[in-house]
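# Fold and contact review
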Amino acid sequence: PMKGVTGMVSLDERDLQLLSALYRDGRASNKALARQLGLSQSACLARTRALIKAGFIARFRADLAFARLGAFEAWLDVRLSDACGGAAGAFEAFARTQPEIGAFYVLAAAGQVRLQVVTEDYDACEALARRLTARTDLVAEARIVPIFKASVAADAFPNAVLNSLAQRLRFGPD
């Protein structure tokens, strides 16, 4: 990625190819990525580091098969008690203290939060929901939505969306 004349970050076709390759296989070696993209290893590593520094790559991680591990995975949909006030920030700080919560999403609907949780079983998830709703200053309601199967299409990558966004990054907003 490079800064354009307007100061906006610009992605070229190789950057998009690199992002796509890393999305499909975050464990791919720099050597394999360089070969796949037709780049030298040093150029590939420099692009990867630049994408990380520019914030296009948030992190590298393994997607665990929680069901295979015998764990219970669910979404916990939370309605905050103060939809328009400061409850979201205070709730996020509280949620970070709960080890079962893996991800925290503030939804577009005012006062709505979705948590990705992993617990030993359904009872442990219910106990977490009770702990959250006990904070009546923050939480009005918590609803458990079990995840029975997590499935992602092979090599799934939103290339069309990424290309559209890259056009905007190259040439600025319409």
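Residues numbered from 1 in each chain as written. Predicted model: local features only at pLDDT ≥ 70, side-chain atom pairs only at ≥ 80, totals over all residues. Heavy atoms only, no water.

## Brief notes about the confidence of the model for the protein
How we decide: Values of pLDDT, ranging from 0 to 100, describe the predictor's confidence in every residue of the model. Secondary structure elements are taken from DSSP: a helix is a run of H or I of four residues or more, a strand is a run of E of two residues or more, and numbering for both begins at the N terminus.
For the protein, mean pLDDT is 84; residues scoring 70 or higher make up 80% of the total. When the elements of the protein are averaged for pLDDT, strand 1 (residues 2-3) gives the smallest value, 55, and helix 2 (residues 30-37) the largest, 96.

## So, the pattern of salt bridges
What counts is decided by this rule: Salt bridges are defined as contacts in which a side-chain nitrogen from Lys or Arg sits within 4 Å of a carboxyl oxygen from Asp or Glu. Only protein chains enter the accessibility calculation, which uses a 1.4 Å probe. A residue is then buried if its area is under 20% of the maximum for its type, exposed if over 50%, and partly exposed in between.
Evaluation of the coordinates by the stated rule reveals 8 salt bridges. When the shortest N-O distance is used, the salt bridge between Asp12 and Arg47 registers 2.9 Å. Taken together, the residues span a long stretch of sequence, with Asp12 in the loop between strand 2 (9-10) and helix 1 (13-24) and Arg47 in helix 3 (residues 41-53) at a distance of 35 residues. With relative accessibility at 30%, the residue Asp12 sits in the partly exposed group. Put simply, Asp12, Asp15 and Arg47 are held in one network by salt bridges that share partners.

## Things to note about the side chain of Gln116
Convention followed: We define a polar contact as two N or O atoms separated by no more than 3.5 Å, with the added condition that, inside protein, one atom must be a possible hydrogen donor and the other a possible acceptor, whereas residues neighbouring each other in sequence contribute only through side-chain atom pairs. The criterion used for residue contact is that any of the two residues' heavy atoms lie within 4.5 Å.
Inspection of the secondary structure assignment puts Gln116 in strand 5 (residues 112-119). Of note is the side chain of Gln116, whose polar atom sits 2.8 Å from the side chain of Glu73. Here Gln116 is in contact with Glu73, Ala74, Trp75, Glu100, Ile101, Gly102 and Ala103, once residues within four sequence places are set aside.

## A few points about the environment of Gly111
Tracing the backbone through its elements, the reader meets Gly111 in the loop between strand 4 (101-106) and strand 5. Of the residues examined, Gly111 reaches a relative accessible area of 12% and is grouped as buried. It is 9.6 Å that separates the C-alpha atoms of Gly111 and Ala140, two residues lying 29 residues apart in sequence.

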